[in-house]
Amino acid sequence: MMLPGFPDAAPLAGLAGGILIGLAAALMLLGIGRIAGVSGIAARATGIADSSLPRISAWAFVIGLPLGALVVLLANGGLPANFASPLYLAVAGLIVGIGTRLGSGCTSGHGVCGMSRFSQRSIVATLTFMVTGSATVAVMNAMGLEVLP
């Protein structure tokens, strides 16, 4: 399926991914009573934050994220990927990490789990993520900066 103006879009893969993310979030909430917020779980795994989630479970979740991506990569026979420079990635990761601590959560916790529960705090946080991301791209485009090679 091809979307007009988006020749590289994969809407069916996106739909499948969205269903799996929603299913995983629902299973985590129903199974262990925890929100599937990646930044909170990563903070628990590294000892930055305390929670009722056992640390071993937090590590299993964090390790499972890249392993799941690796399984998809291997199942698809490899995918071409372009990454920003290590400096850009380090700075971006630091800024995102600070933002998730200030915002008491990340896009998975607020955007997926919080929005589905109609949390006002999560709605405001998700709107902030989206507006800030759009503004950042607009400013970078206006300055002629290109992140990807």
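In case you missed it, the structure is sitting above this.
Notes on the structure follow. Note that the structure is predicted; figures quoted are calculated from it, not measured.

### Quick look at the layout of surface pockets
Here's step 1: Here the largest pocket defines a volume of roughly 630 Å³.
Here's step 2: Taken together, 19 residues form the lining of the largest pocket, with Ile95, Val96, Thr132, Gly133 and Thr136 sitting closest to its centre.
Here's step 3: Examining the composition of the lining of the largest pocket, we find that 8 residues originate from one element, helix H6 (residues 120–142), more than from any other.
Here's step 4: Looking at side-chain class alone, the lining of the largest pocket contains 10 nonpolar, 9 polar and no charged residues.

### Some words on H6
Here's step 1: Here H6 contains 23 residues, and its C-alpha end-to-end distance of 33 Å stays within 8% of the 33 Å for a straight helix at 1.5 Å per residue.
Here's step 2: Of all the positions in H6, only Ser122, Ala125 and Thr126 are classed as buried.
Here's step 3: The inward-facing, buried residues of H6 abut helix H5 (107–116).
Here's step 4: Looking one or two residues beyond H6, the residue adopting positive phi is Gly144, at roughly 75 degrees.

### Notes on the packing of H5 against H6
Helix-helix packing: each pair is described by the crossing angle between the helix axes and the interaxial distance.
Here's step 1: The contact between H5 and H6 brings their axes to 9 Å, and the two run at 130 degrees. Judged by the angle between their axes, H5 and H6 are oblique. As for the relative orientation of H5 and H6, their crossing is left-handed in sense. For the pair formed by H5 and H6, the contact residues are Thr107, Gly109, His110, Gly111, Gly114 and Met115 on the first element and Arg121, Ser122, Ile123, Ala125, Thr126 and Phe129 on the second.
Here's step 2: Residue composition of the contact of H5 with H6, grouped by class: 4 nonpolar, 7 polar and 1 charged.

Definitions and cut-offs
- Residues numbered from 1 in each chain as written.
- Predicted model: local features only at pLDDT ≥ 70, side-chain atom pairs only at ≥ 80, totals over all residues.
- Heavy atoms only, no water.
- 1 Å grid on protein atoms, 1.4 Å probe; cavity = no way out; pocket = protein on both sides within 12 Å on 5 of 7 lines; lining within 4 Å.
- Points joined across faces, edges and corners; volume = space filled by probe spheres on them.
- Helix = DSSP H or I, 4+ residues; strand = E, 2+ residues; numbered from the N terminus.
- Nonpolar A, V, L, I, M, F, W, Y, C, P; charged D, E, K, R; others polar.
- Expected span 1.5 Å × (residues − 1).
- Buried < 20%, exposed > 50% of the residue type's maximum accessible area, 1.4 Å probe, protein only.
- Contact = heavy atoms within 4.5 Å.
- Axes fitted to C-alpha atoms, helices over the stretch in contact; angles between N-to-C directions.
- Parallel < 35°, antiparallel > 145°, perpendicular 65-115°, else oblique.
- Left-handed = near helix turned anticlockwise from the far one by under 90°.

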